[in-house]
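# Results of the structural survey
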Amino acid sequence: MSENTNVYQIVQQQIKEAVDMLGLDYTVFEMLKQPQNVLEVSFPVKMDDGSIKVFRGIRSQHCDVLGPFKGGLRFHPTVEMDEAKALSMWMTFKCAVVGVPYGGAKGGIECNPKEMSQGELERLSRGFIKNVANFIGPEKDIPAPDVYTNPQVMAWMMDEFSKVRGYNNFGIMTGKPINIGGSKGRSEATGRGCVYVTREAVKELGWNMKDMKVVVQGFGNAGSIAAKLLYDMGATIVATNDSVSGVYSEEGVNPYELEKYKKETGSVKNYPGTENVTNSELLTLECDILIPAALENQLTQANASDIKAKIIAEAANGPTTPEADKILFEKGVITLPDILANAGGVTVSYFEWVQNLQNFYWTEDEVNNRMEEMMVDAFKSCYKTRESYDVHMRTAAYLLAVQRLADAMKTRGWLN
Ligand SMILES: NC(=O)C1=CN([C@@H]2O[C@H](COP(=O)(O)OP(=O)(O)OC[C@H]3O[C@@H](n4cnc5c(N)ncnc54)[C@H](O)[C@@H]3O)[C@@H](O)[C@H]2O)C=CC1
Ligand SMILES: O=C(O)CCC(=O)C(=O)O
């Protein structure tokens, strides 16, 4: 039978399982099984050659019982509503797992940013914001970077929103450049947070980071930072890739040098001293830690039994299908689920928003130390729940998150 890779249906299944295990009122499932609000917009953008192209943008706001909606915006050719809904739902659970007072949102624009100039990307970003300005706001829904969006895109969007409102609104977007209200540590936060929980898992197993061989799928923001920090801790980065190619070396690569090479050539492909590997070869390489840091549905029933890693730390959202999860659990692999492992990004986004609202800025050490404390606490809570319910880490994280959401619903009078 072919595998279901519809991420919206997958997340609904994850919620149902947690609600049933916790014996909660069915209203909790009814509330969480779909987003509270969705918006789809289309708008014209003038291209550099003078032509007009119409783009489609999406924003899904899942559940705001714990606070305003929050989550990234991606620029990608595959952006569509079911994916945005699922990603917004994962944001709700992620915030609840780490104790960040937000609800989940996500969105994006269907486009190929690699084929667009900076001017076109700026007009695209501003056009999107003009069309969603009434739907978002610093107390309502605060977007952030995701796949193929970056601090510059956040800056244009913040500037456009401020123009629409008629006064500066730094708190509307997070992941901004530091000189216009960005937080120190935000660019590195997703990879850094992922490394903190990976380090805790390695410690729990009584292993030493210096003995770890690591494979990172997706040498972008989250993946390259995770690779660099693990390398700094003594781990060996044996392979990594991007959308063009992968590279492998048994002795390991220096991710700082690889980053320079990728900046110069546009890809990790043909990095000296390595052999090129395909994406499917990369995922099943001999290693201790595998960090999927690209897109959804990468570990599936087709490749799960061939995966050699003992720890999988999901920097990406939704990289593992439920069928793959089962196979990996039975093999004894410890999966650090996305809603825990990549929560460092939204945690520091929360710090950025707090700094913007107070107009008072923190040092990088303050940001990193506070994030570390929250990530380690969340890891420990999930690990404890995993042991007490005898479930895998993903289910443990959902049990914690759904219980916290249900408690807040009860307190707010949404449940009997
Ligand atoms: N940026 C952030 O703060 C956060 C990102 N994430 C998740 O992390 C993942 C990566 O996001 P970012 O690092 O921000 O994006 P990015 O755009 O900086 O990097 C994505 C990387 O994946 C690579 N890639 C794309 N398609 C690929 C394929 N088919 N095979 C192998 N590599 C491929 C790209 O070449 C690029 O190197 C996404 O799932 C995102 O939702 C999660 C939490 C926060
Ligand atoms: O920083 C944020 O607000 C959200 C980041 C994000 O999109 C994610 O965690 O998947």
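Numbers given to residues run from 1 along each chain, matching the order in which its sequence is written. Chains and ligands are labelled sequentially in the order written, the chains with letters from A and the ligands with numbers from 1. Totals for whole chains, interfaces and linings use all residues, but because this is a predicted model, local features are given only for residues with pLDDT of at least 70 and pairs of side-chain atoms are given and counted only at 80 or more.

## Things to note about the packing of helix α6 (residues 186-204) against helix α12 (residues 344-358)
All axes here are fitted lines through C-alpha atoms, helices being fitted over the stretch that makes contact, and every angle between N-to-C directions spans 0 to 180 degrees. Under the scheme used here, helices are H or I runs from DSSP no shorter than 4 residues and strands are E runs no shorter than 2 residues, and both carry numbers assigned from the N terminus. Orientation of α6 relative to α12, taken along the N-to-C sense of each, is 135 degrees, at an axis distance of 7 Å. In terms of orientation, α6 and α12 fall into the oblique class. The two elements α6 and α12 cross, and the hand of that crossing is right-handed. Residues Arg186, Ala189, Thr190, Arg192, Gly193, Cys194 and Tyr196 of α6 touch α12, and the partners they reach there are Gly344, Gly345, Thr347, Val348, Ser349 and Glu352. In the contact of α6 with α12, the residues fall into 4 nonpolar, 6 polar and 3 charged. What sets the label is the angle itself: under 35 degrees gives roughly parallel, over 145 gives roughly antiparallel, 65 to 115 gives roughly perpendicular, and the rest give oblique. Crossings are classed by handedness, with left-handed meaning an anticlockwise turn of the near helix from the far one by less than a right angle and right-handed meaning a clockwise turn. What counts as a contact here is a pair of residues whose C-beta atoms, placed from the backbone, lie within 7 Å. Residue polarity follows a fixed list, in which Ala, Val, Leu, Ile, Met, Phe, Trp, Tyr, Cys and Pro are nonpolar, Asp, Glu, Lys and Arg are charged, and the others, Gly among them, are polar.

## Some remarks on the nonpolar core
A set of buried residues drawn from Ala, Val, Leu, Ile, Met, Phe, Trp, Tyr and Cys, joined through C-beta atoms within 7 Å, is what defines a nonpolar core. The exposure label follows from counting other C-beta atoms within 10 Å of a residue's C-beta, where the C-beta atoms are placed from the backbone and the thresholds are 20 or more for buried and 12 or fewer for exposed, leaving partly exposed in between. Membership of the largest hydrophobic core comes to 129 residues, with the highest contact counts inside it found for Val97, Val214, Ala226 and Leu340. Each domain's extent is set by a domain assignment, obtained either automatically or from a database. Mapped onto the domain boundaries, this core takes at least three residues apiece from domain 1 (34-172) and domain 2 (188-341). Sequence-distant contacts of Leu340, that is, excluding residues within four places in its chain, are made with Val97, Val197, Ala378, Phe379, Cys382 and Ala397.

## Let's talk about the sheet that holds strand β5 (residues 141-145)
Whether parallel or antiparallel, the strands of a sheet pair through hydrogen bonds between backbone atoms. Should DSSP find at least two bridges between two strands, the strands are regarded as paired. Strand order across the open sheet formed by 5 strands is β1-β2-β4-β3-β5, with mixed pairing between neighbours. Looking at which strands have only one partner, the edges of the open sheet turn out to be β1 (37-46) and β5. Across the sheet, the mean angle from the axis of one strand to that of its neighbour is 25 degrees, orientation sign disregarded. Summarising the sheet, strand β3 (residues 69-76) and β5 pair through 5 bridges and their orientation is parallel. When the bridges of β5 are listed, Phe69 appears paired with Asp141. Packing of helix α4 (residues 118-132) onto the sheet brings it into contact with β1, β2 (52-61) and β4 (103-110), and relative to β1 it is tilted by some 140 degrees.

## Examining the UniProt feature "site: Important for catalysis" (unreviewed entry) in the protein
UniProt positions are given in the numbering used here, feature names are shortened, and annotations may be inferred rather than shown by experiment. Here the UniProt feature "site: Important for catalysis" (unreviewed entry) sits at Asp146. Relative to the helices and strands, Asp146 is located in the loop between β5 and α5 (151-165). Setting aside its immediate chain neighbours within four residues, Asp146 contacts Gly72, Leu73, Arg74 and Gly108.

## Some details on the site of ligand 1
Around ligand 1 lies a shell of 24 residues, among which Gly218, Gly220, Asp242, Ala316 and Gly345 are the nearest. Broken down by element, the shell around ligand 1 gets its largest block of residues, 3 residues, from helix α7 (residues 221-232). Looking at the shell around ligand 1, its residues break down into 10 nonpolar, 12 polar and 2 charged. Each of domain 1 (34-172) and domain 2 (188-341) gives at least three residues to the shell around ligand 1. Defining nearness, a residue is near a molecule or strand when the C-beta atom obtained from its backbone falls within 6 Å of it.

## Concerning unusual backbone geometry
Phi angles above zero are rare outside glycine, and Asn270 is one such case at about 65 degrees. Located in the positive-phi region is Asp390, a residue other than glycine, with phi close to 55 degrees. On the basis of neighbour counts, which here come to 8 C-beta atoms within 10 Å, the residue Asp390 falls in the exposed class.

## Here's the deal with the packing of α12 against helix α13 (residues 364-389)
It is the contact of α12 with α13, at a shortest axis distance of 10 Å, that shows an interaxial angle of 130 degrees. What the angle tells us is that α12 and α13 run oblique. Handedness of the α12/α13 crossing: right-handed. Here α12 contributes Gly344, Thr347, Val348 and Phe351 to the contact with α13, which in turn contributes Val367, Arg370, Met371, Met374 and Met375. In terms of residue class, the contact of α12 with α13 is built from 6 nonpolar, 2 polar and 1 charged.

## A closer look at α4
The length a helix should cover is 1.5 Å for every residue beyond the first. The end-to-end C-alpha distance of α4, which contains 15 residues, comes to 21 Å, matching closely the 21 Å that a straight helix rising 1.5 Å per residue would cover. Where α4 is concerned, the buried positions are Leu121, Arg123, Leu124, Ser125, Gly127, Phe128, Ile129 and Val132. Buried residues along α4 sit in contact with β1, β2, β4 and α5.

## A look at the environment of Ala304
Relative to the helices and strands, Ala304 resides in the loop between β10 (289-292) and β11 (311-313). Taking the number of C-beta atoms within 10 Å as the measure of exposure, Ala304 has 23 and is therefore buried. Residues Ala304 and Ala324, 20 residues apart in the sequence, show an inter-C-alpha distance of 5.2 Å. Residues contacting Ala304, with those up to four places away along its chain left out, are Leu299, Ala324, Ile327 and Leu328.

## Here we look at the UniProt feature "binding site: substrate" (unreviewed entry) in the protein
UniProt's feature table lists "binding site: substrate" (unreviewed entry) at Lys70, Lys94 and Ser349, given in the numbering used throughout. Their sequence span is 280 residues, while the largest C-alpha to C-alpha distance among them is just 12.9 Å; these annotated residues converge on one region. For Lys70, the residues in contact, after removing those within four places along its chain, are Met91, Cys95, Tyr102, Gly103, Ala105, Ile142, Val346 and Ser349. On the secondary structure map, Ser349 appears in helix α12. For Ser349, a count of 28 C-beta atoms within 10 Å puts it in the buried group.

## A short note on the sheet that holds strand β12 (residues 334-336)
One open sheet accounts for 7 strands, arranged β9-β8-β7-β6-β10-β11-β12; its pairing is mixed. The sheet is open, and its two borders are formed by β9 (275-277) and β12, each paired with just one other strand. Looking at each pair of strands side by side, their axes are set apart by 20 degrees on average, direction ignored. Together, β10, β11 and β12 form the strand contacts of α6, whose direction differs from that of β11 by roughly 160 degrees.

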